[in-house]
Amino acid sequence: MASLRVMHAVQYGHYGGGASALKHVEVSVPSPKKDEILLKLEASSLNPIDWKIQEGVIRPFLPPKFPFVPVSDVAGEVVEVGPGVQNFKVGDKVRGGGLAEYAVAMSRLTVKRSPEVPAEEGACLNIAALTALQALTQAAGVKLDQSGPSANLLITAASGGVGHYAVQLAKLGNAHVTATCGARNLDLVKRLGADEVLDYKTPEGAALKSPSGKKYDAVIHCATGIPWSTFEPNLSEKGKVIDITPGATALMTSVIKKLTFSKKSLVPLLLFPKAENLQLLVNLTKEGKLKTIIDSKFPLSKAEEAWAKIMDGHATGKIIHVEVPIPTPKKDEILLKLEASSLNPADWKIQKGMIRPFLPSRFPFVPVTDVAGEVVEIGPGVQGFKVGDKVVSKLKLLRGGGLAEYAVATTELTVKRPPEVTAAEAAGIPIAGLTALRALTKAGIKLDGSGPSADILITAASGGVGHYAVQLAKLGNAHVTATCGARNINLVKSLGADEVLDYKTPEGETLKSPSGRKFDFIIHCATGIRWSTFEACLSERGKVIDITSPTAMLTSVIKKMTFSKKSLVPLVLNPRGEDLEFMVELFKEGKLKTVIDSTFPLAKAEEAWAKSMDGHATGKIIVTLE
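Notes on the structure follow. (Residues numbered from 1 in each chain as written. Predicted model: local features only at pLDDT ≥ 70, side-chain atom pairs only at ≥ 80, totals over all residues. Heavy atoms only, no water.)

### A word on the sheet that holds strand S23 (residues 499–502)
In sheet architecture, strand pairing relies on hydrogen bonds along the backbone and comes in two forms, parallel and antiparallel. One open sheet accounts for six strands, arranged S23-S22-S21-S24-S25-S26; its pairing is parallel. Edge positions in the sheet fall to S23 and strand S26 (567–570), since each has one partner strand and no second. The sheet shows a mean angle of 20 degrees between the axes of neighbouring strands, direction not considered. Here four bridges tie strand S21 (residues 455–458) to strand S22 (residues 479–484), and the two strands are oriented parallel to one another. Counterpart to Asp455 in the pairing with S22 is His479. (Pairing = 2+ DSSP bridges. Helix = DSSP H or I, 4+ residues; strand = E, 2+ residues; numbered from the N terminus. Axes fitted to C-alpha atoms, helices over the stretch in contact; angles between N-to-C directions.)

Okay, structure coming up:
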C-alpha cells in the first residue's frame, strides 16, 4: 500500500446543499487502528439516513466533523489489518464508510463475503437489510425458521430499500404479507413474495385495507406521512406499527399509547447492528433466499447523481455506487495513476461491435488506450521505470482501461514524459500520432528532411490523425495540400499546410490542388471518398494510404491484380515504443503539438464519447483525471 496513500473521495463541508454540496477530493488513505481493517472498496450503498445527516436532522451528533465523507454501507477487499485483528486477513472479501476508494471498518461489524455474494449486493445488507431483520424478528416476533405462529403483516413502501428485504424475510417466517408500493412496482413486489399488493395511490391503498379483509398483527412501516388514525382500524387487537423512520409525531404517539394502556401500539425502531445478524443475511443471500433489488448504479465520479436520486425518494430497491479494484501490475507491467486520456474513433467503433468477436475481449469493458499519468507501482522485472515517473502510454487494446483513475500499462509501449510535455498533450499521441507517423514513413517521407520532396494530400487535416500528419509531413520536406471544414482552414494553415481546401466546395470535393499538383501520396483520414476521385489526382505512381476504410482492402487487392501503377495501401497500426519516444522528443523540441478540441472530466466521459462519435472534433478530445 505504500505507493497508493492518496485516494479519491466524495465529501461535504457543511450542513445542507444536497447533491450540489458534494465535492470530489483527493485525501490520504486512512490507517487502521486497533481492531480495525482497511478496505479497498468495490461498492457502496446509499440510504436515506445519509442525506438526512447532511441536512442536519441528527445534529449535533452527526456528522462528527466537517468535512465529512458520507455513507456507511460498503463491500470490498481487506488490504491492511490493524493491531488486534484476528479473524481477517489481507485479501478477504468483506462487507462492512463509503464514498471513497478506501475506508476503515471495525472488525466487529464486518463479516466475510463469499464469492456467491457480489460486492454490490453485499454493500446493501447493512442498514437496509438489518433494519428489516430487526423490525421483523425483534419488534414483530417473526421466526425466520418458521417455528413461530403465522402472522398477518403489512409492509409499506415495499419496493424500497428496507421494504423489499422485509417482504422476502417475512415470507421466510411463515407470514401472510400485504404490501404497498407504486403502480410500476406491483409485479416486482409480488415476485418478491407478497401475497397482496396495494397501489398506495388508490383509495384502497391509501386506506391500507387488506383485499382479503385481514387485520394486521404488525405493520413494518417504511414510508412516511401516514397518520396513526389510518393504521389503527386495520390493526388486530394487539397489533403493532413498527416505524423505521420515527419522527417527533411517532415518538409522541408511542408514549400516548403506553400511557393510555392501549393494546395497539406504535414502536419506534432504532437499529442496533450486530455482526451475527449481518452474517445471517450474508448466508441467506449466499443460499439464494434473499436478493437485493438494485435501482441504479453510479461510479464514484457521479456520486452526486446517486445522492440526488436517493433524496428524490422513489428508488426501487437500492442505489449502488460501483467501484472496480485497482489493477495489479504483472511481469513487465506498471500501474499508472492517470492524469489524462484521449479518445479515438476506434474506441466507439469497438463499442458498436465493428470489431467483434475480437473486441471487446470481455464485458464489462473499460475503454480507451491512450493515456498519460504517473507510475505508482511497478511489477516484477521492470527496470526502466520507477515510482513517480511521469509517462505516456498506449495500453493494450484487448485490456483497455483508459477511462479510469488507474490503469496497468506494458513497459514496451510506455515512455517517460518530460516536463515540457503536458499530460493532455501526451495523451493525444499514441494512436493518432503514431498512425500519422506510420502513414508518412510508409510513404517514404524522411522526417529529418533528407529525402526528396513529395507532394502530399492529407484529408480531414484538422482531425486527430490529420493535424499530426500535417506537422510531420512538413518536417519531411513535403509540399502539403490539406482538406478540412471552413472553420478550420486557418488552423490547418498555421500547422504548416501549403494549400488548404474546404472539403464542401467543388474544388474540395474533387481534391484538386489549387496549384495544379498531382499527389505522390494521399494520407486519407476521412471517409466516403471514392477511388475514382483519388485516381484523377494522383501522380503516375501515386499511393493512397487509407487509415480508416473497411473497403480499402478490397480496392488494394484489385489494384494489385490489375498491375495498376497507382495503388491503395490500407494502414494497420503496429505501435512501437521507439516511435512513441520519437514523437515525445519532437514535442519536447517544440516541433510537434497537440491541438485539443475539448477537455472533459472523467465524471463527464459520456459527453466526450458523444463528441467523438459526432465526428467533427478539431484535433483531440481529452478526458482529464486530475
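Structure shown, so let's carry the discussion forward.
### Considering the sheet that holds strand S8 (residues 152–155)
One open sheet accounts for six strands, arranged S10-S9-S8-S11-S12-S13; its pairing is parallel. One side of each edge strand has no neighbouring strand; the edge strands of this open sheet are strand S10 (196–199) and strand S13 (265–268). Adjacent strand axes in the sheet meet at a mean angle of 20 degrees when their direction is disregarded. Taken strand by strand, helix H3 (residues 127–139) contacts S8, strand S11 (216–221) and strand S12 (235–243), and its axis lies near 150 degrees from that of S12. Along the sheet, helix H4 (residues 161–172) makes contact with S8, strand S9 (176–181) and S11, crossing S8 at roughly 165 degrees. (Contact = heavy atoms within 4.5 Å.)

### Thoughts on the pairing of strand S25 (residues 538–546)
One ladder, built from five bridges, connects strand S24 (residues 519–524) with S25; its direction is parallel. Residue pairing for S25: His524 is matched across the bridge by Asp546. Both S25 and S26 contribute to a ladder of four bridges, which runs parallel. Counted as the bridge partner of Lys543 is Ser567 from S26.

### Comments concerning the packing of aromatic side chains
Within this structure, the stated rule accounts for five aromatic pairs. Summarising the aromatic geometry, the rings of Tyr468 and Phe587 are spaced 6.4 Å apart at their centres and angled 70 degrees between planes, so their arrangement reads as edge-to-face. With a gap of 119 residues between them, Tyr468 in helix H14 (residues 464–475) and Phe587 in helix H19 (residues 577–588) connect regions that are remote in the sequence. For the residue pair Tyr468 and Phe587, the accessibility class agrees, reading buried in each case. Clustering of aromatic rings is evident, with ring pairs tying together Tyr12, Tyr15, Phe66, Phe68 and Trp307. Above the plane of the ring of Tyr406 lies Lys337, whose end atom (NZ or CZ) is 5.6 Å from the centre. Note that Lys349 overlies the ring of Trp348, its terminal NZ or CZ placed 5.8 Å from the centroid. (Phe/Tyr/Trp six-rings, centres within 6.5 Å; stacked < 30°, edge-to-face > 60°. Buried < 20%, exposed > 50% of the residue type's maximum accessible area, 1.4 Å probe, protein only. Lys NZ or Arg CZ within 6 Å of the ring centre and 35° of its normal.)

### Digging into the pattern of salt bridges
All chains considered together, the criterion is met by 26 salt bridges. With a closest N to O distance of 3.2 Å, Glu120 and Lys297 form a salt bridge. Remark: Lys297 occurs in strand S14 (residues 294–298) and Glu120 occurs in helix H2 (residues 119–122); sequence separation between them is 177 residues. Among the charged side chains, a salt-bridge network with shared partners connects Glu339, Glu374, Lys390 and Arg417. (Salt bridge = Lys/Arg side-chain N within 4 Å of Asp/Glu carboxyl O.)

### Some details on H14
One full turn of an α-helix is made of 3.6 residues, so residues set three or four places apart face in the same direction. Burial within H14 is extensive, with 10 of its 12 residues counted as buried. Taken together, the buried positions of H14 are occupied by Gly464, Val465, Gly466, His467, Tyr468, Ala469, Val470, Gln471, Leu472 and Ala473. Directly beyond the C-terminal end of H14, a positive phi value near 65 degrees is found at Asn477.

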